[in-house]
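# Close look at the chain arrangement
What follows is each chain in one-letter form.
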Amino acid sequence: MIQTAYARSSDYGKDLRPALEKVFAPQLAANGDLHGKSILLKPNLLSYKGGKDVISVHPAFLLETAKMFLDHGAKKVTVMENPAVQSAPAILRAMGILEELEKMGVSCANFADYQPVPPPEGSRFRSLELAAEYRRFDAVADLAKAKTHAMMTLTLCVKNLFGLVSGKSRLGWHLAAGQDFERFADLLLDIYQTVKPQFNFLDAVTGMEGNGPGSGTPVELGFVAGSSDALALDAAVAPRLGVPDLLTVRRGKMRGLLQDFQETGEVPELHAITLPDPPGIISSWGLPLPPGMRQAMKQLLLSRPVLDPEKCISCGLCARMCPPQSLKLHEKYPVFDLSNCIRCYCCQEHCPKGAITPVQPWTMKAAGKMDAILHRIFRKK
Ligand code: SF4
Ligand code: SF4
């Protein structure tokens, strides 16, 4: 049976490496000897603003994981990611670990070679284009950060794999799946099924709550988790952060992808973190609504992006990241065309100042109770 292992680490100091070793051991047992193997580390690197920034995995978490693979015999370790704005090496340099990684013989680069991949058995999407680099390694290690996410509620190990999609395609996928969160969850699961990282680590020493994944606040969680299966790790951890019904996990169960797992080690107590406003309720009903009605209801029942002009520095990044171009700068500040907005929250995710927040319309608040009733009646088995 798959294990999701936990270990306590109150900070990123001396307790971190022993904690990582504890959650590594069952993964080694599942995957076999590392000697002579090449390993691709795929960390969550969104950006890095220094200090107590929790947008990306902590520098020590990444550094110690790379060392650990080398110490256990890996022949080659490489860090690759495709951040939206900066390059992966630039973020690692800002973190102060690029030189040390290179001294250890760990190379660092952006994903660059995007190719169509054959759809996995039972996949929902028939054409996927992913960074082909992952196929050139003996194993992939997914290094995720425990963070809130406006669209998917939490970003853990499965969501972290979206980084293997090219920046250009990411906008397209958001455009295609923007309002249908189940569709987006299915896309993430297709990527998970395709890549199937053999090693998965979650940095939940200090996580992010509130306006994640780019502008939330640090929350001390004090643990790391690891599993040989990304979905099993997410299924174990999400309820411990107060999310018992994470959409990717629910869809994974419905598609028969979630295998039996057991939680081992220093299993953390429930720590319900502050979540962003729920993005919407339509997609979770599982109702076969006619497209026109679905569209109209979505406008009433989805959180909309709202600007705090006090925080905005007029950098224009939100407008550049908006897949359907529903956001334009007018007299220095972003103005939303909500009729065309697909509620993908890319603007919120990438705003460097946390100036955009998803806010529920009154209709959604009023419908909250009704949603619970409809869920009970209509939820798919
Ligand atoms: S990304 Fe943020 S700071 Fe920059 S223009 Fe948009 S709202 Fe303002
Ligand atoms: S305005 Fe924001 S939430 Fe709306 S489509 Fe553009 S990026 Fe997505």
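Sequence order as written defines residue numbering, which begins from 1 separately in each chain. Here the convention is simple: chains get letters from A, ligands get numbers from 1, in the order in which they are written. Local features in this predicted model are restricted to residues of pLDDT 70 or higher, and side-chain atom pairs are both shown and tallied only at a pLDDT of 80 or more, whereas totals for entire chains, interfaces and linings draw on every residue.

## Structural notes on the overall build of the protein chain
- The helix and strand tally for the protein chain stands at 13 helices and 15 strands.
- Residues with at least 20 neighbouring C-beta atoms inside 10 Å of their own are called buried, those with 12 or fewer are called exposed, and the rest are partly exposed, where every C-beta is derived from the backbone. Out of the 381 residues belonging to the protein chain, those deemed buried represent 49%.
- Placing C-beta atoms from the backbone, we regard two residues as in contact once those atoms come within 7 Å. Once local pairs closer than 6 in sequence are excluded, the contacts in the protein chain between residues at least 24 apart make up 74%. Secondary structure elements follow DSSP: runs of H or I of four or more residues count as helices, runs of E of two or more count as strands, with numbering from the N terminus.

## Here's the deal with the site of ligand 2
- In the neighbourhood of ligand 2, 14 residues make up the surrounding shell, with Cys322, Cys341, Cys344, Cys346 and Cys347 lying closest.
- Residue classes follow a fixed rule: Ala, Val, Leu, Ile, Met, Phe, Trp, Tyr, Cys and Pro count as nonpolar, while Asp, Glu, Lys and Arg count as charged, and any other residue, Gly among them, counts as polar. Counted by class, the shell around ligand 2 contains twelve nonpolar, one polar and one charged residues. Throughout this description, a residue near a molecule or strand is one whose C-beta atom, derived from the backbone, lies within 6 Å of it.

## Notes on the site of ligand 1
- As a structural note, the neighbourhood of ligand 1 is formed by 13 residues, with Cys312, Cys315, Cys318, Cys351 and Ala355 the closest of them.
- Residue composition of the shell around ligand 1, by class: ten nonpolar, two polar and one charged.

## Quick word on the nonpolar core
- Each nonpolar core comprises buried Ala, Val, Leu, Ile, Met, Phe, Trp, Tyr and Cys residues, the members being joined through C-beta atoms within 7 Å. The biggest cluster of nonpolar side chains holds 104 residues, and the ones touching the most others in it are Val23, Leu156, Leu202, Val224 and Ala225.
- No other element matches the nine residues that helix H7 (residues 181-195) contributes to this core.
- Residues lining this core come from more than one domain, with at least three contributed by each of domain 1 (2-265) and domain 2 (282-378).
- Here Leu156 is in contact with Ala144, Ala146, Leu202, Leu233, Asp234, Val237 and Ala238, once residues within four sequence places are set aside. Domain borders in the structure are assigned automatically or taken from a domain database.

## Comments concerning the environment of Pro18
- Within the fold, Pro18 resides in helix H1 (residues 16-31).
- Given 12 C-beta atoms within a 10 Å radius, Pro18 is considered exposed.
- Taking the C-alpha atoms as reference points, Pro18 and Arg8, ten residues apart in sequence, are found 9.3 Å from one another.

## Describing the packing of H7 against helix H9 (residues 247-254)
- Only C-alpha atoms enter the line fits that serve as axes; for helices the fit covers just the stretch in contact. Angles between N-to-C directions range over 0 to 180 degrees. Two elements in contact, H7 and H9, have axes whose closest approach is 9 Å; the angle formed by their N-to-C orientations is 70°. With respect to H9, the axis of H7 lies roughly perpendicular. Here Phe181, Glu182, Ala185, Asp186, Leu188 and Leu189 of H7 come into contact with H9, specifically with Leu247, Thr248, Arg251 and Gly252.
- For the contact of H7 with H9, the per-class residue count stands at five nonpolar, two polar and three charged. Relative orientations are named as follows: roughly parallel for angles under 35 degrees, roughly antiparallel for angles over 145 degrees, roughly perpendicular for angles from 65 to 115 degrees, and oblique for any other angle.

## Some details on the environment of Met152
- In this structure, Met152 sits in the loop between strand S7 (139-149) and strand S8 (153-155).
- Spatially, the C-alpha atom of Met152 lies 9.8 Å from that of Pro213, the residues being 61 residues apart in sequence.
- In this view, Met152 contacts Lys159, Ala185, Leu247 and Thr248; residues no more than four positions away in its chain are not counted.

## Regarding the packing of H1 against helix H2 (residues 59-71)
- At their nearest, the axes of H1 and H2 sit 10 Å apart, and the two run at 55° to each other. Of the possible angle classes, the one that applies to H1 and H2 is oblique. For the pair H1 and H2, the sense of crossing is right-handed. Along the contact surface, H1 presents Leu16, Arg17, Leu20, Glu21 and Phe24, while H2 presents Ala60, Phe61, Glu64, Thr65 and Met68.
- Per-class residue counts for the contact of H1 with H2 are six nonpolar, one polar and three charged. Left-handed describes a crossing in which the near helix is turned anticlockwise from the far one by less than a right angle; the clockwise case is right-handed.

## Considering H7
- With 15 residues, H7 should cover 21 Å at 1.5 Å per step; its first-to-last C-alpha distance of 21 Å lies within 8% of that length.
- Counting buried positions along H7 gives 13 out of 15 residues, so the element sits mostly inside the fold.
- Phi turns positive, to about 40°, at Lys196, one or two residues after H7. Given a helix with a known number of residues, its expected span is that number minus one, times 1.5 Å.

## Quick notes on the confidence of the model for the protein chain
- Looking at the protein chain as a whole, the pLDDT averages 89, with 87% of positions reaching at least 70.
- One confidence number per residue, pLDDT, is output by the predictor and ranges from 0 to 100. In this model, residues 281-288 is a region of pLDDT below 50 whose contacts with residues beyond four sequence positions or in other chains number 18 contacts.

## Examining unusual backbone geometry
- Between Gly212 and Pro213 the backbone carries a cis peptide bond, its omega angle lying at 10°.
- Residue position: Pro213 is located in the loop between strand S9 (199-209) and strand S10 (217-227).
- We note that Ser314 has phi near 60°; this positive angle belongs to a residue other than glycine.
- Along the chain, Ser314 turns up in the loop between strand S12 (304-307) and helix H11 (317-321).
- The backbone of Lys332 shows a phi angle near 80°, a positive value even though the residue is not glycine.
- As for its position among the elements, Lys332 is in the loop between strand S13 (327-330) and strand S14 (333-336).
- Given 10 C-beta atoms within a 10 Å radius, Lys332 is considered exposed.

## Topic: helix H8 (residues 230-240)
- Taken across its eleven residues, H8 has ten buried, putting it largely inside the fold.
- All of the buried residues in H8 are Ala230, Leu231, Ala232, Leu233, Asp234, Ala235, Ala236, Val237, Ala238 and Arg240.
- Phi for Gly242, located one or two positions after H8, is positive at around 90°.

## Here we look at the environment of Leu28
- With respect to the secondary-structure elements, Leu28 resides in helix H1.
- Leu28 sits in the partly exposed class, given 15 other C-beta atoms within 10 Å.
- Sequence separation between Leu28 and Gln198 is 170 residues, and the spatial gap between their C-alpha atoms is 9.4 Å.

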